[in-house]
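In case you want the letters, here they are:
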Amino acid sequence: MTNAPPPPDLKRESFEREALVHLDVLYRVALRLSGNPSDADDLVQETMLKAYRAWDQYEKGTNAKAWLLTILRHAFINEYRRRTRHPETVDLDKIEPYAVFPEVQDEDPQGAFFDRIVDDQVLRAIDQLPVVFRETLVLSDVEGMSYQEIAGILEIPVGTVKSRLFRARHLLQGKLYDYAVEMGYIKGSPA
Amino acid sequence: MNCRECVEHLYEFLDRELTPDLEREIRDHLEDCPPCGEQYDFEELFLKFLRARCRTQGAPAELKKRVLRELFGE
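Residues numbered from 1 in each chain as written. Chains lettered and ligands numbered in written order. Predicted model: local features only at pLDDT ≥ 70, side-chain atom pairs only at ≥ 80, totals over all residues.

**Concerning the overall build of chain A**
Reasoning step 1: Along the backbone of chain A there are 9 helices and 0 strands.
Reasoning step 2: When the helices and strands of chain A are listed from N to C terminus, the series reads α-α-α-α-α-α-α-α-α.
Reasoning step 3: Principal-axis analysis of the C-alpha atoms places the extent of chain A at approximately 70 × 35 × 35 Å.
Reasoning step 4: Counting the 191 residues in chain A, one finds 37% classified as buried.
Reasoning step 5: When contacts within chain A are restricted to residue pairs at least 6 apart in sequence, those whose partners lie at least 24 apart make up 71%. (Helix = DSSP H or I, 4+ residues; strand = E, 2+ residues; numbered from the N terminus. Buried ≥ 20, exposed ≤ 12 C-beta atoms within 10 Å, placed from the backbone. Contact = placed C-beta atoms within 7 Å.)

This is the structure we're talking about:
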């Protein structure tokens, strides 16, 4: 028996069932990576086209979400990063995020101040993170992917996922805490 | 397991990424140590907050149409 490509309607059917259902995930990740809705649209469109063309290479029933996100990230790196953002010159090792919990331990150990921070402000704070922290945090904390899946998508060791996630979360907490202090949601002392 | 080690592994614990042995050690420590327990609650709340705040947005309807048009000529 030969491995003939499936007829178009079957291909379409399986693509709709396994790939198109992840459109929202792809869009959210694309939006955080590219930083604006128009580039996110293009990035998702390009990802879907590439994925559909390569659909025969995808092993059906495995992890379509991770497979699609890998394609999306490559597309982002190849065509968008240089065009849409200045190359980052941040020395990641010099970024020393601090833990927010000790700062709020006495005043607001339950973190009630988080509740007062609106969606847009959180997204803006995420967008300010260096891209390697941002992509790790979005895949984990927004899309709920495992360390192993993230390591596969970002092509880095699991240990690196762990350390980036740790620092990304603390960095983001610090930004949100500073904002909450600025807005008077919490007394604190801005770092 | 001391407090420093516990805090170091707190995110992996919350992410359910630890080995069963280490997970048990952390759970035991959290039960015995109120300050670490408080920090656990705080970090857990933060992660829930993040997820809730960031997942409200989905792909615009127009993009979905555009993708279908491009893929299947609709």
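So much for the structure itself; the text now carries on.
**What to know about the domain arrangement of chain A**
Note: interface size is frequently given as the accessible area lost on complex formation between the parts.
Residue and element names in this part refer to chain A.
Reasoning step 1: By the assigned domains, chain A splits into domain 1 (8-84) and domain 2 (92-182).
Reasoning step 2: Computed from C-alpha atoms alone, the centre-to-centre distance between domain 1 and domain 2 is 24 Å.
Reasoning step 3: With 11 residues of domain 1 at the contact, the number on the domain 2 side is 10 residues.
Reasoning step 4: At the level of secondary structure, the elements contributing two or more residues to the side of domain 1 that touches domain 2 comprise α2 (23-34) and α4 (64-84).
Reasoning step 5: Looking at the side of domain 1 that touches domain 2, the element that brings in the most residues is α2, giving 5 residues.
Reasoning step 6: By residue class, the composition of the side of domain 1 that touches domain 2 is 5 nonpolar, 3 polar and 3 charged. (Domains from an automatic or database assignment. Nonpolar A, V, L, I, M, F, W, Y, C, P; charged D, E, K, R; others polar.)

**Some words on the nonpolar core**
Reasoning step 1: With 56 residues, the main nonpolar core has Leu26(A), Tyr27(A), Ala30(A), Val44(A), Leu68(A) and Leu72(A) as its most contacted residues.
Reasoning step 2: Taken domain by domain, this core gets at least three of its residues from each of domain 1 (8-84) and domain 2 (92-182) of chain A.
Reasoning step 3: Beyond its immediate sequence surroundings of up to four residues, Val44(A) is in contact with Leu23(A), Leu26(A), Tyr27(A), Ala30(A), Ala59(B) and Leu63(B).
Reasoning step 4: Cys6(B), Phe13(B), Cys36(B) and Tyr40(B) belong to the second-largest nonpolar core, a separate cluster that totals 6 residues. (Core = buried A, V, L, I, M, F, W, Y, C linked by C-beta atoms within 7 Å.)

**Concerning the environment of Asp39(A)**
Reasoning step 1: Tracing the chain through its elements places Asp39(A) in helix α3 (residues 37-53).
Reasoning step 2: Sequence separation between Asp39(A) and Phe76(A) is 37 residues, and the spatial gap between their C-alpha atoms is 9.5 Å.

**Focus: the confidence of the model for chain A**
Reasoning step 1: Confidence in the prediction of chain A, expressed as mean pLDDT, is 89, and 91% of residues score 70 or more.
Reasoning step 2: When mean pLDDT is taken per element in chain A, helix α8 (residues 147-154) of chain A scores highest with 96 and α4(A) scores lowest with 85. (pLDDT = per-residue confidence, 0-100.)

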